[in-house]
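# Structure assessment
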Amino acid sequence: VEHQLARSTKMKSLILVLISFASASAECILKFEGADKPVVLENSLLRVALDPARGGTVTSFFSKSANAELTATWKDEPVPQGFGMFADRITVRTKGRARDYERSAYKAEVVDDKPDEIAVRMTGTSPTGVFRKIQFEKTFRLRSGSAELLVDYLVSNLDQADHIGSIWICNVVR
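In short, a report on the structure. (Residues numbered from 1 in each chain as written. Predicted model: local features only at pLDDT ≥ 70, side-chain atom pairs only at ≥ 80, totals over all residues. Heavy atoms only, no water.)

### A word on the packing of aromatic side chains
- Overall, the coordinates contain 3 aromatic pairs when judged by the stated rule.
- Residues phenylalanine 86 and phenylalanine 140 carry aromatic rings whose centres are separated by 5.8 Å and whose planes lie at 80 degrees to one another, so their mutual orientation is edge-to-face. With phenylalanine 86 in the loop between strand E7 (68–69) and strand E8 (87–92) and phenylalanine 140 in strand E12 (residues 134–143), this pair connects stretches of sequence that are 54 residues apart.
- Note on phenylalanine 140: relative accessible area 0%, which makes it buried.
- Note on phenylalanine 136 and tyrosine 153: the rings are 6.3 Å apart at their centroids and 90 degrees apart in plane angle, and the pair reads as edge-to-face. Here tyrosine 153 lies in strand E13 (residues 148–157) and phenylalanine 136 lies in strand E12, a separation of 17 residues in the sequence.
- Since its relative accessible area comes to 0%, phenylalanine 136 is described here as buried.
- Aromatic ring contacts, followed pair by pair, group Tyr101, Phe136 and Tyr153 into a single cluster. (Phe/Tyr/Trp six-rings, centres within 6.5 Å; stacked < 30°, edge-to-face > 60°. Helix = DSSP H or I, 4+ residues; strand = E, 2+ residues; numbered from the N terminus. Buried < 20%, exposed > 50% of the residue type's maximum accessible area, 1.4 Å probe, protein only.)

Written out as structure tokens, the structure reads:
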């Protein structure tokens, strides 16, 4: 489905939920060393690594209860393309797809850092091309004792031009 990203239009937030395999309770741990450094969100069930340098993509989604890494890589695709989860893309029927977001540096900021809930927001735009003024903002939230990674998306058109395209949130999982 193609959507028109008109001037001053913001898409409604989309909440995506990934579920691991069990439930337990313990405090959440957030490893954040700066806006351009990899970020780790962890609880007793999941360890999730985010990389702002790769478009805020989840580069590791580890289920502790299954003792398994759940991210994967497409064969013959260079990193960061075809790698990880929540890679932001825009497709246009006549122009192919914009994959620059995966190579873009996103800004990371801590939204919540409490013992029972942690959240990090990744924000970025494409550095080149017709979609360079389309901004992705995604907030990753992990709660104590939960096997869910909640991801809230906001896509904004910062330009004065209309754009037509389809938002594609790419996930490569095992």
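### Let's talk about unusual backbone geometry
- In the Ramachandran plot, asparagine 67 falls in the positive-phi region, its phi being about 50 degrees despite a non-glycine side chain.
- Structurally, the position occupied by asparagine 67 is in the loop between strand E6 (57–63) and E7.
- The residue phenylalanine 86 is not glycine, and still its phi comes out positive at about 60 degrees.
- For phenylalanine 86, a relative accessible area of 1% translates into the label buried.

### Things to note about the sheet that holds strand E4 (residues 39–42)
- Overall, antiparallel pairing links the 5 strands, which are arranged E3-E4-E5-E6-E7 in an open sheet. Edge positions in the open sheet fall to strand E3 (29–31) and E7, since each of these has one partner strand only. (Pairing = 2+ DSSP bridges.)

### Things to note about the nonpolar core
- If you look at the biggest cluster of nonpolar residues, it comprises 32 residues, and the most contacted ones within it are Leu50 and Phe86.
- For this core, the elements supplying multiple residues, two or more each, are E4, strand E5 (46–51), E6, E8, strand E11 (117–125), E12 and E13. (Core = buried A, V, L, I, M, F, W, Y, C linked by side-chain atoms within 4.5 Å.)

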